[in-house]
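Letter by letter, the chains look like this.
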Amino acid sequence: MVATFVASTPLVSESWRLCSLANATAPMGFVTEKTGDGVGYLAFSGVQTGHSILDPNWASLVPLETAGPGLFGPLVCGGEGEDYRNPVMVHAGLLELFMSMYRSDTLTNQILALKDNCKAIVITGHSLGGTTASLLALWLLCHLQSVCVTPPVLCITFGSPMLGNDSLSRAILRERWGGNFCHVVSKHDIMPRLLFAPSATLTTQMQLLLQHWHFAMSSTTTTIAAALLGDQVKAEFLGFIMASLENSSLQEAAGEEAASGLLFWPFGNYLLCSQEGAICLDNATSVVKMMHLMLMTCSLNDFTEDHLRYGEYVRRVSSQYLKQTNFLQEELNCESSYEIGLALALQSTGISSQEPVATLAKDCLKIARPLGRIPRLNCAKLAISLSKVNPYRAQIEWYKMCCDESDDQMGYYDAFKRRGSSKRGDQVNMNRHKLASFWDNIIEQLQNNQLPYDFHRRAKWVCAFQFYKLLVEPLDIAEYYRNGKHKVEGQYLKNGRPRRFQISDWWWKEFRANKEENSSRTKFASLTQDSCFWARVEEAWEWLANLQTDNDASKQEMWENINNFDGYARGLIELKEVSEDVLAKNSSYTLWTEELRKLSSALVCPAPLSH
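Residues numbered from 1 in each chain as written. Predicted model: local features only at pLDDT ≥ 70, side-chain atom pairs only at ≥ 80, totals over all residues. Heavy atoms only, no water.

Caption draft 1: Geometry of the side chain of T131. With respect to the helices and strands, T131 occurs in helix α7 (residues 128-144). Ignoring sequence-local partners within four residues, the contact set of T131 consists of L94, S160, P161, M162 and L163. (Helix = DSSP H or I, 4+ residues; strand = E, 2+ residues; numbered from the N terminus. Contact = heavy atoms within 4.5 Å.)

Caption draft 2: Layout of the packing of aromatic side chains. In the structure shown here, the tally under the stated rule is 30 aromatic pairs. Aromatic pair F72 and F98: ring centres 6.2 Å apart, planes at 55°, arrangement tilted. Of this pair, F72 sits in the loop between β3 (61-63) and α4 (73-81) while F98 sits in helix α5 (residues 92-102), and the two are 26 residues apart along the sequence. In this pair, the class of F72 matches that of F98, namely buried. With a centroid separation of 6.1 Å and an interplanar angle of 40°, the aromatic rings of F533 and F565 are classed as tilted. (Phe/Tyr/Trp six-rings, centres within 6.5 Å; stacked < 30°, edge-to-face > 60°. Buried < 20%, exposed > 50% of the residue type's maximum accessible area, 1.4 Å probe, protein only.)

Caption draft 3: Highlighting the pattern of salt bridges. Here the structure, examined in full by the defined rule, presents 25 salt bridges. For D454, the salt bridge identified is with R176, shortest N-O distance 3.7 Å. Of the two residues, D454 sits in the loop between α19 (423-447) and α20 (459-482) while R176 sits in the loop between α8 (166-174) and β7 (181-186), which places them 278 residues apart along the sequence. Between K417 and E538 there is a salt bridge, with its nearest N and O atoms 2.7 Å apart. Taken together, the residues span a long stretch of sequence, with K417 in helix α18 (residues 411-417) and E538 in helix α24 (residues 533-547) at a distance of 121 residues. Taking the relative accessible area as the measure of exposure, E538 reaches 11% and is therefore buried. Salt bridges sharing partners connect three or more residues here, namely R432, D440, D476 and R500. (Salt bridge = Lys/Arg side-chain N within 4 Å of Asp/Glu carboxyl O.)

Caption draft 4: Region of the structure containing the sheet that holds strand β6 (residues 153-158). In space, the 7 strands of this open sheet follow the order β1-β2-β5-β6-β7-β8-β9, with mixed pairing throughout. The sheet is open, and its two edges are formed by β1 (30-34) and β9 (277-281), each paired on a single side. Between one strand axis and the next, the sheet turns through 15° on average, direction left out of account. Here strand β8 (residues 269-274) runs beside β9; their pairing, made up of 5 bridges, is antiparallel. Bridge assignment links L271 to a residue of β9, and that residue is C280. Docked against the sheet, helix α12 (residues 284-295) engages β7, β8 and β9, running at close to 15° with respect to β8. (Pairing = 2+ DSSP bridges. Axes fitted to C-alpha atoms, helices over the stretch in contact; angles between N-to-C directions.)

Below you can see the structure in the form of structure tokens.
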């Protein structure tokens, strides 16, 4: 098991040792250490204070990009094309806590020194220090993307609260950084589970708990802060957290989107510890479910004190892998090694097979099985599906060739836009819808982590998506204006462009970022390289019409728009980035240039002459 492997290394025990040292000696700070084997550690204290932490609205989310330009570039930029529903968001107070440390030269100098002098870097933290460790690890991973030779980076947190939303989790998966994070969570620790509950009603209790934990972390003196939470208040507090966790689990079971129902969402690997052992999960849904089930056996004292017992859990887990786990004879009566593995995992959670939640816990562990093969199988199935839809694309290519060679000399775009009732036109329109459904399905699968994390960077799929966009988007534009949608919904570029084409733009932009530019073309492209060219032509026609009706104050702006488009179009033609249908005798673009020439000669206001 992954938990056994992690526990068999000194990484967890060394990380906790330094976290304890930081708690005691460096409140609101961190400590660093380099071991004899070349591993550099940086540990953040869990003793953190500040207005942003104690604020009643401390659980509000802010976009990660508010941290500053470039700090988390790959995570933020990926949101343009990958996270289609919500931007990457993080806890406002915890981001401010990280930024207050990041702005000091001390932290950045220390971490860069470790990068230069160590063969591996472990960033760790306890409690609130764990979220600072996670943000620093994310920043370092983003920074190291531009460096050729980089040391491995591992982030280990202990009892850390949730950090960000579902989009953050997806962005980390997209960058394949999930394996760089290991979050150690004890069976009854309330802190990692806290942000699943609305914080507005928990502010007073949370402040008392933080005071108690901070005093306990930094000294051996007992405190009365936790005692101020009477048994009734504790019971209400625990019940509220339990209800919130249960609600989160039910939302996932019902198939609701995590981003819409939950503000915070797990990322990375979770090492869930108990007195009997530990299990490691990387399935976010299973993590939430297991944190709920393990908390169901919690006592009123455990939920306030378990946050301070990680030293005991780490010692137990680190030593337990050396000895054979003992089972009752009836627990070994399993039909397969898989059933035995489930029983082992269940025992490691500290949930007895006799407890009412045991069946639910087993079901949760079943769905938490590694899903590595499923994305690869889905990708293989998509390759077969692509071969089945390619004939639809070929029929559209044939339709384009027929339009370009037609005697009416309208070209591909205008022929489809002005088409009458014909079997060929209807077939092309149906093929357009089938191809759209195919690519929308791919986007949905990628969005739900059902495809390999680097799927959108594979040349085969990026190029196929780009070719589809260049071939079919002109037809979508033609249909949009043919049906008069621009009169109701507005221009295509601002209000009508389907999401799949915007995503294709992002895929292609990233794919071409590190590619050398091809030499200039010697003949016109087979497909216009700006798939939105015809939407720009339609807007240009509207500007010409407005010139003859609008007042003088707005005409100057119209001329500027027309000049800009005319220059842009001429540039594409000079570079041969358009297909020949753009210059067809009766195409919308050719007719527009003729209309512009007539209007320019008739008006006193100068305008550039088009070819």
